[in-house]
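# Observations on the three-dimensional arrangement
This is what each chain is made of:
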Amino acid sequence: GEVHGRNVAFIGSNLRSACRVQSFEGGLNFSSTALLPFQQLTVQIRQTTNRWRGCMCLGIMVGRPEELRRLPTSATMYGLDEDLKTQGKDFWFLSADSKNKTHIIHRNGSTPYETTASPFRLGEGDTFGLLITNGGKLYFFLNGQNQGLAAENVPLDDKSPLYAVIDLWGSTKAVQMNGLLSLRDQCRCIIRRSLPSDSDHAKDAINALPLPKRMKYFLKFCPTTLDDDLAI
């Protein structure tokens, strides 16, 4: 996004691929748009390094990134406590301590939910994601697998929008952000990828599905950011 740490550089013009050019910190990157309920953010690890310990952190912050007076150096427990809390920002992050124990960290320092989700298990090609429900529940995903409830009562208020925060920290050197898709669009992409590559056969396959006409129309003619090139 437009707000990021001093060591973040983007690859390409779409701002989806980012790398940390030096050090082990200064790799914070905020989403360019606010998160909506059931809109899943997925990040793929593209490059790692053995030079540093630790790994990337992922989470959400309440409030617009451009309102921050200063950026934290990292999304680790100490970086967030030092910077975001003193600026009055609320946040939830999946992070780890020096012993590689994973925590859900919150502004008040509490960790009400234990989690087995460990980004330390992730390597190049693996994915790390999050999703918020319209009831204010936060979930993390590792390689597409739901890691269980991470937090509740996340505020959903137009006056205090939620932004995703990705920290290219430690061994995680480069990532690709695979967009913000709603659950509806994710289902559509999965269905479309199972269709024949030939457009006529794809339309026939959609027509044969036991779905309402409006859903069939959506499958045929309403592209998402991930499959614009698959229009049939």
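Before reading on, note that the structure itself is shown above.
Parameters and conventions
Residues numbered from 1 in each chain as written. Predicted model: local features only at pLDDT ≥ 70, side-chain atom pairs only at ≥ 80, totals over all residues. Heavy atoms only, no water. Helix = DSSP H or I, 4+ residues; strand = E, 2+ residues; numbered from the N terminus. Buried < 20%, exposed > 50% of the residue type's maximum accessible area, 1.4 Å probe, protein only. Contact = heavy atoms within 4.5 Å. Areas by Shrake-Rupley, 256 points an atom, 1.4 Å probe, with all protein chains shown as cover. Phe/Tyr/Trp six-rings, centres within 6.5 Å; stacked < 30°, edge-to-face > 60°. Pairing = 2+ DSSP bridges.

### Regarding the overall build of the protein
Scanning the protein from N- to C-terminus turns up four helices and twelve strands. The buried share of the protein, taken over its 232 residues, is 47%. Residue pairs at least 24 apart in sequence account for 64% of intrachain contacts in the protein once pairs closer than 6 positions are excluded. A total of about 12100 Å² of accessible surface is found on the protein, and carbon and sulfur atoms cover 49% of it.

### Thoughts on the environment of Val175
Mapping Val175 onto the fold places it in strand E12 (residues 172-182). As a C-alpha pair, Val175 and Gly125 span 50 residues in sequence and 9.2 Å in three-dimensional space. Setting aside chain neighbours within four positions, we find Val175 in contact with Arg16, Ser17, Ala18, Val43, Gln44, Ile45, Arg46, Met56 and Leu168.

### Looking at the packing of aromatic side chains
Taken as a whole and assessed by the stated rule, the structure comprises three aromatic pairs. Grouped by ring-pair contacts, the aromatic residues Phe24, Trp52 and Trp169 constitute a single cluster.

### Brief notes about the pairing of strand E5 (residues 57-62)
Of all six residues in E5, six are buried, a share of seventy percent or more. Neither face of E5 is left uncovered, since the one carrying Cys57, Gly59 and Met61 and the one carrying Leu58, Ile60 and Val62 both have all their residues buried. Pairing geometry for E5 and strand E11 (residues 162-167), over six bridges, is antiparallel. The partner of Gly59 across the bridge, within E11, is Val165.

Read these as geometric descriptors, not functional statements.
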